[in-house]
Amino acid sequence: MQLPSLSMAASPVFVTAILGALSCSPAAAQGIDYSRLEIETTALGGGVYLLGWQGGDSLILVGDDGVLLVDTSVAAMGDKIKAAIAKVSDKPIKMIINTHAHADHFGANEALAKDGATIVAHAALRDRMAKGFTAFNQAIPPAPAGALPTVTFGDAMTLHFAGETIQLFHPPNAHTDSDTLVHFVRANVIHASGTIGGDGGYPFFDIGSGGSLAGTIVAEDKMLALSDANTRIVPDEGDPASTAMLKATRDMLVALRARVQKLIDEGKSEDEAVAAKPTKDFDAQFVHPGNFLTGDAMTRLAYQSLKTARPPAAP
Ligand SMILES: [Zn+2]
């Protein structure tokens with residue numbers, strides 16, 4: 001399902017806001033000196049490691065014969081991802097999963113897959129990469145053949161790798177229109193594909209890339225259904241979230257949706273909705289220094305999404 005594209009640039013708030021953003025935004029490609037970034041590797045148990053930097057954080061699953069990699073980062077970080085993997089395993093990358101159509105999640109595909117890795121992604125991501133697309137007013141050219149996913153899926157798929165079961169689920173129109181939630185069953189780890197905020201901040205749904213508020217709630221409900229009290233949920237940036245943090249985010253989004261929908265039903269304009277401060281009791285918890293998603297920005301996102309987006313079907 002392709003949603004109508006909304007130009008965030010039409011909203012002055014987002015012009016400023018997005019320039020200040022780090023993760024899954026133009027700044028991820030334009031405002032960062034990648035040569036200065038270091039990758040921090042954290043063992044999450046069960047052979048799964050978090051490779052954290054300042055953007056689309058990666059996960060690896062290390063087996064006796066090879067490595068499975070979730071998200072390859074931007075092209076400029078490819079060598080550093082490779083070096084970080086080499087510190088944990090001397091085996092080749094055999095499988096890559098790209099979670100969604102933001103360049104900090106697939107940018108180093110060609111370099112990291114060239115020794116023969118299978119690249120798995122949702123069909124919509126391959127489609128976008130093959131044709132080229134625009135995200136955050138930034139043109140992403142068609143990807144070379146060696147960067148394209150070689151295996152695609154629609155709603156769900158299960159992989160078996162190094163004794164681990166990896167469940168892939170596509171929540172429609174969530175962070176983008178091409179998201180894959182990656183569930184490592186044994187390790188009890190989920191990669192959220194950008195559907196939760198870093199360090200418990202407001203989550204971002206990229207309306208211009210087919211994301212939506214309603215779809216993000218569906219994605220979070222799906223992850224809650226997969227989780228127990230000890231599950232780690234990996235955002236784009238920052239430490240893994242707890243199930244309690246995911247639940248708090250989901251409950252906030254449900255409340256925010258109801259509040260903003262009420263303002264829309266009352267005929268309020270976007271500016272009037274912002275002035276009503278529907279996020280005010282959430283901001284202390286969900287607005288973090290450096291995160292472009294202030295309460296007002298979140299209200300604009302919610303308003304624009306509810307005004308234009310059709311509710312997605314459950315996955
Ligand atoms: Zn993203």
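Please refer to the structure higher up on the page.
The paragraphs below set out a description of the structure included in this document. Keep in mind that what you see is a predicted model, and the values were worked out from it rather than measured.

The subject of this paragraph is the overall build of the protein. Counting its secondary structure elements, the protein contains 11 helices and 14 strands. By residue count, 51% of the 315 residues in the protein fall in the buried class. Taking the contacts inside the protein whose residues are at least 6 apart along the sequence as the reference set, 66% of them involve residues at least 24 apart.

Core analysis: the biggest nonpolar cluster contains 80 residues, and Ile-60, Leu-69, Ile-96, Leu-112, Ile-190, Ile-233 and Ala-302 have the highest contact counts within it. Discounting chain neighbours no more than four positions away, the residues touching Ile-60 are Tyr-49, Leu-51, Val-67, Leu-68, Leu-69, Ile-85 and Val-88.

This part takes up the packing of helix H7 (residues 213-226) against helix H8 (residues 243-265). In the contact formed by H7 and H8, the axes pass within 10 Å of each other and the chain directions differ by 150 degrees. In terms of orientation, H7 lies roughly antiparallel with respect to H8. Taken as a pair, H7 and H8 cross one another with a handedness that is left-handed. Contact residues: H7 offers Leu-213, Thr-216, Ile-217, Glu-220, Asp-221, Met-223 and Leu-224, while H8 offers Leu-246, Lys-247, Thr-249, Arg-250, Leu-253, Val-254 and Arg-257. Taken together, the residues that form the contact of H7 with H8 break down as seven nonpolar, two polar and five charged.

The next point concerns helix H3 (residues 78-88). Along H3, the residues that are buried comprise Ile-81, Ala-84 and Ile-85. Each buried residue of H3 sits inside an arc of 100 degrees when the element is viewed along its axis, so together they form one side. Residues of H3 that are exposed and point over 90 degrees away from its buried face: Ala-83, Ala-86 and Lys-87. In this structure, the buried residues of H3 make contact with strand E1 (40-45), strand E2 (48-52), strand E3 (58-62), strand E4 (67-70), strand E5 (93-97) and helix H5 (109-113).

Looking now at helix H11 (residues 295-308). Taking 1.5 Å of rise per residue, the 14 residues of H11 would be expected to cover 20 Å, and the 20 Å separating its terminal C-alpha atoms lies within 8% of that figure. In terms of residue burial, H11 counts as a mostly covered element, since 11 of its 14 residues are buried. Looking at H11, one finds that the buried residues are Gly-295, Ala-297, Met-298, Thr-299, Arg-300, Leu-301, Ala-302, Tyr-303, Gln-304, Ser-305 and Leu-306.

As a further point, take the sheet that holds E5. Across the sheet, seven strands lie side by side as E1-E2-E3-E4-E5-E6-E9; this open sheet has mixed pairing. Of all the strands in the sheet, the pair left with one neighbour each is E1 and strand E9 (151-153). Averaged over all adjacent pairs, the angle separating strand axes in this sheet is 20 degrees, with direction ignored. Across four bridges, E3 lies against E4 in antiparallel orientation. Its bridge partner being in E4, Ile-60 is matched across the sheet by Leu-69. H3 rests against E1, E2, E3, E4 and E5 of the sheet, and its axis sits at about 30 degrees to E3. In the packing of helix H6 (residues 123-131) onto the sheet, the strands contacted are strand E6 (118-122) and E9, and the crossing angle to E6 comes to about 105 degrees.

Counting buried positions over the five residues of E3 gives four, a clear majority of the element. Counting the residues between successive antiparallel strands, the hairpin from E2 to E3 contains five residues. Hairpin connection from E3 to E4: four residues lie between these consecutive antiparallel strands.

Here the focus is the environment of Gly-215. Residue position: Gly-215 is located in helix H7. By C-beta crowding, Gly-215 is classed as buried, having 30 other C-beta atoms within 10 Å. Spatially, the C-alpha atoms of Gly-215 and Pro-172 are 6.1 Å apart, while their sequence positions differ by 43 residues.

Looking now at the environment of Ala-192. Locating Ala-192 in the fold gives a position in the loop between strand E13 (189-191) and H7. Ala-192 sits in the buried class, given 27 other C-beta atoms within 10 Å. For the pair Ala-192 and Thr-99, spaced 93 residues apart in the sequence, the C-alpha separation amounts to 8.3 Å. Not counting chain neighbours up to four residues away, the residues in contact with Ala-192 comprise Leu-181, Met-223, Ile-233, Val-234 and Pro-235.

Here H8 crosses H11 at 65 degrees, and the two axes come no closer than 10 Å. Classified by the interaxial angle, the pair formed by H8 and H11 is roughly perpendicular. Along this stretch, H8 crosses H11, giving a crossing that reads as right-handed. Across the interface between the two elements, Leu-256, Arg-257, Val-260, Gln-261 and Ile-264 of H8 pack against Thr-299, Ala-302, Tyr-303, Leu-306 and Lys-307 of H11. Looking at side-chain class alone, the contact of H8 with H11 contains six nonpolar, two polar and two charged residues.

With that settled, the discussion passes to the sheet that holds strand E12 (residues 181-184). In space, the five strands of this open sheet follow the order E10-E11-E12-E13-E14, with mixed pairing throughout. Two strands bound the open sheet, and with one partner strand each, they are strand E10 (156-161) and strand E14 (232-234). Sheet twist, expressed as the mean angle between neighbouring strand axes with direction ignored, is 20 degrees. Bridge count for E13 against E14 is three bridges, and the pairing is parallel. Within E14, the position partnered with Val-189 by the bridge is Arg-232. Along the sheet, H7 makes contact with strand E11 (164-169), E12, E13 and E14, crossing E12 at roughly 5 degrees.

Cut-off values and rules
Residues numbered from 1 in each chain as written. Predicted model: local features only at pLDDT ≥ 70, side-chain atom pairs only at ≥ 80, totals over all residues. Helix = DSSP H or I, 4+ residues; strand = E, 2+ residues; numbered from the N terminus. Buried ≥ 20, exposed ≤ 12 C-beta atoms within 10 Å, placed from the backbone. Contact = placed C-beta atoms within 7 Å. Core = buried A, V, L, I, M, F, W, Y, C linked by C-beta atoms within 7 Å. Axes fitted to C-alpha atoms, helices over the stretch in contact; angles between N-to-C directions. Parallel < 35°, antiparallel > 145°, perpendicular 65-115°, else oblique. Left-handed = near helix turned anticlockwise from the far one by under 90°. Nonpolar A, V, L, I, M, F, W, Y, C, P; charged D, E, K, R; others polar. Arc of directions from axis to C-beta. Expected span 1.5 Å × (residues − 1). Pairing = 2+ DSSP bridges.

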